[in-house]
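Chain and residue survey
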Amino acid sequence: MVENTTTDSSVDRGGSSEEEPANPDGDVAGAEEESGELIDEISDSLADDGFGVFHGREFISLRENGQVAPNSTVSQQYLKGKEAVILAYNENTNEIAIIPLEQNYDRTNVYSLQWNDDRVSMSVGGFLKQNDIKPDQTMRYPPEWDEDIGNEHVPGGLLVDLDQEGEVSPVAHSGTDEDDEEVEA
């Protein structure tokens, strides 16, 4: 039988000898942000070493009912804390640009984000109709973040290339495109 004879709680575990609470103010949001930054730093380090780090599957759904709906991964990574987006369509490249905005504006090219838990959708039927984008069923496309679109006030936006082969959503009529994401993740 091995007996633990250490009774001193200040055993050196590789950190500082002074114990500080992890979050002295009890700021949950601050602790989550700090944890997120740590995870990002570790993920970046692993990627630098040649490891592929899975961050969740990213896709944006174009629905036949005139909605554009990023999945929760895209919503949280690129749209969290945003109130609206500017949508633009490039006919030459057949791409939709989605530029996140901090606040909503009363402009015809600005679309409000409708949040439901950690997911967002946008009612953009007029935009889709104006640009002759007519999905006859819900289609998913993987977006790309492009830092070159926007300006000094907007650090980039999402691009959806409609020329790439989209994927038919298996839950097209349920109102959510998340149900099968867990299986694929």
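Heads up: the structure comes first, above all this text.
Below you will find a few notes about this structure. Only a predicted model underlies this, so the values are computations on that prediction, with no experimental measurement involved.

The grouping of Glu34, Glu37, Asp40, Glu41, Asp44, Asp48 and Asp49 at the surface amounts to a negative patch. As for its position among the elements, Asp40 is in helix H1 (residues 28–48).

Reported here for the second largest pocket is a volume of approximately 490 Å³. Lining of the second largest pocket is provided by 21 residues; of these, Lys82, Pro100, Glu102, Val154 and Pro155 occupy positions nearest its centre. Sort the elements by how many residues they give to the lining of the second largest pocket and helix H2 (residues 72–79) lands first, with 4 residues. Of the residues belonging to the lining of the second largest pocket, the class tally is 10 nonpolar, 7 polar and 4 charged.

This brings us to the nonpolar core. The biggest cluster of nonpolar side chains holds 23 residues, and the ones touching the most others in it are Ile60, Leu62, Val85, Leu87, Ile96, Ile98 and Val124. Secondary-structure elements contributing two or more residues to this core are strand S1 (60–62), H2, strand S3 (84–90), strand S4 (95–101), strand S7 (119–123), helix H3 (125–130), strand S8 (139–141) and strand S10 (157–161). In terms of residue count, the dominant contributor to this core is H2 (3 residues). The contacts of Leu87, once residues within four sequence positions are left out, are Ile96, Ala97, Ile98, Asn109, Tyr111, Val124 and Phe127. Counting residues in each nonpolar core, the second largest holds 7 residues, with Ile99, Leu101, Val154 and Leu159 among its members.

So, on to the pairing of strand S2 (residues 67–70). Covered by surrounding structure in S2 are Gln67 and Ala69 together with Val68 and Pro70, the residues of both alternating faces. Here 3 bridges tie S1 to S2, and the two strands are oriented antiparallel to one another. Along S2, the bridge assignment pairs Leu62 with Val68. Linking S1 back to S2 in an antiparallel pair, the connection comprises 4 residues, with Gly66 at a positive phi of about 90°. The pairing of S2 with S7 spans 2 bridges and is classified as antiparallel. Looking at S7, one finds that Val68 is bridged to Met122.

Each value, and the rule that gives it
Sequence order sets the numbering: in each chain, residues are counted from 1 along the sequence as written. With the structure being a predicted model, the display of local features is reserved for residues of pLDDT at least 70 and the display and counting of side-chain atom pairs for 80 or more, all residues being used for whole-chain, interface and lining totals. With hydrogens and water set aside, each side-chain value is computed from the structure's full complement of heavy atoms. Note that patches include only residues with greater than 30% relative accessible area and no salt bridge, and the join distances are 9 Å for like charges and 5 Å for nonpolar side chains (Val, Leu, Ile, Met, Phe, Trp, Tyr). Only the protein chains shown count as covering a residue, and every accessible area follows the Shrake-Rupley method with a 1.4 Å probe. Whenever Lys or Arg places a side-chain nitrogen within 4 Å of a carboxyl oxygen from Asp or Glu, that contact is recorded as a salt bridge. Residues scored as charged are limited to Lys and Arg (positive) and Asp and Glu (negative), so that His and the chain ends carry no count. Charged groups are reduced to one reference atom each: NZ for lysine, CZ for arginine, CG for aspartic acid, CD for glutamic acid. Helix numbers and strand numbers start at the N terminus; a helix is a DSSP run of H or I with at least 4 residues, a strand a run of E with at least 2. For cavity detection a 1 Å grid was placed over the protein atoms alone, and a set of points counts as a cavity when a 1.4 Å probe fits there but cannot get out; an open set counts as a pocket when protein lies on both sides within 12 Å along at least five of seven lines, with lining residues being those that have an atom within 4 Å of a point. Grid points are joined across faces, edges and corners, and a volume is the space filled by probe spheres set on the points. Residue classes follow a fixed rule: Ala, Val, Leu, Ile, Met, Phe, Trp, Tyr, Cys and Pro count as nonpolar, while Asp, Glu, Lys and Arg count as charged, and any other residue, Gly among them, counts as polar. Nine residue types can take part in a nonpolar core, namely buried Ala, Val, Leu, Ile, Met, Phe, Trp, Tyr and Cys, and a core is a set of them joined through side-chain atoms within 4.5 Å. When accessible area is computed with a 1.4 Å probe and restricted to protein chains, residues below 20% of their type maximum are described as buried, those above 50% as exposed, and intermediate ones as partly exposed. Whether two residues are in contact is decided by their heavy atoms, any of which lying within 4.5 Å being enough. Strands pair, by our definition, only if DSSP identifies at least two bridges between them.

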